[in-house]
Amino acid sequence: MKNDGFTFRKRARSFKFAFNGIKLLITKEHNAWIHCFAAVCVLIAGMVFGLSRMEWIAVTIVIGAVLAAEAVNSSIEALADLVSPEYNEAIKRTKDLAAGAVLLMAIAAAIVGFVIFIPKIATIF
């Protein structure tokens, strides 16, 4: 890959592509809709329960990580489907591994959510 040097115009264009990727993730990927719904619920719960600064940091990191993992998974799936539209065991394995990475991150996010929210919910009862 040729390196033509740094320009602000090129950096601005790269941000445009990145924002388009986020738009595609949110508008076209069904699993991302589930993650976004969960994120909105967590953000609302965070406001209701008055999360601390550190709790907000943890919630923000895990929401970002889950959405980023979903974006990478969707990218891998799209590329794999283009490269090998017919069934291929190596492609299946690759897609399963990528989906597993999203699941692992979602489980970690859920654990963070439980650690933060269960004590707050318990105080109500």
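Residues numbered from 1 in each chain as written. Predicted model: local features only at pLDDT ≥ 70, side-chain atom pairs only at ≥ 80, totals over all residues. Heavy atoms only, no water.

Undergrad: Residue-level account of the layout of surface pockets, with values.
TA: Roughly 360 Å³ of internal volume is contained in the largest pocket. If you go around the largest pocket, you meet 19 residues; those closest to its centre are Ala38, Val42, Ala106, Ala109 and Ala110. When residues of the lining of the largest pocket are traced back to their parent elements, those giving at least two are α2 (30-49), α3 (53-83) and α4 (89-122). Residue composition of the lining of the largest pocket, by class: 17 nonpolar, 2 polar and no charged. (1 Å grid on protein atoms, 1.4 Å probe; cavity = no way out; pocket = protein on both sides within 12 Å on 5 of 7 lines; lining within 4 Å. Points joined across faces, edges and corners; volume = space filled by probe spheres on them. Helix = DSSP H or I, 4+ residues; strand = E, 2+ residues; numbered from the N terminus. Nonpolar A, V, L, I, M, F, W, Y, C, P; charged D, E, K, R; others polar.)

Undergrad: Quick rundown of the UniProt feature "binding site: substrate" (unreviewed entry) in the protein chain? Include the residues and the values.
TA: Per the UniProt record, "binding site: substrate" (unreviewed entry) is annotated on Glu70. As for its position among the elements, Glu70 is in helix α3. Overall, the relative accessible area of 4% leaves Glu70 in the buried class. Apart from the residues lying within four places of it in its own chain, the contact partners of Glu70 are Leu25, Asn31, Ala32, His35 and Val102. (UniProt positions renumbered as here; feature names shortened; annotations may be inferred. Buried < 20%, exposed > 50% of the residue type's maximum accessible area, 1.4 Å probe, protein only. Contact = heavy atoms within 4.5 Å.)

Undergrad: Run through the state of the cysteines, naming residues and quoting values.
TA: Taken as a whole, this structure holds 0 disulfides when the rule is applied. Unpaired in this structure, Cys41 has its nearest cysteine sulfur neighbour in Cys36, at a distance of 11 Å. (Disulfide = S-S within 2.5 Å.)

Undergrad: So what's going on with α4? Residues and values would help.
TA: Compared with the 50 Å implied by 1.5 Å per residue over 34 residues, the 47 Å span of α4 between its first and last C-alpha is a close match. The largest bend along α4 reaches roughly 30° and is located at Ile116, with the proline Pro119 sitting one to four residues downstream. Listed in full, the buried residues belonging to α4 are Ile91, Ala98, Val102, Ala109, Gly113, Ile116, Phe117 and Lys120. Along its buried surface, α4 packs onto α2 and α3. Put simply, Asn88 is the residue that caps the front of α4, since its side-chain oxygen is 2.8 Å from the backbone nitrogen of Ala90. (Expected span 1.5 Å × (residues − 1). Bend = angle between axes of the 7 residues up to and from the residue. Polar contact = N/O pair within 3.5 Å; in protein donor to acceptor, adjacent residues only side chain to side chain.)

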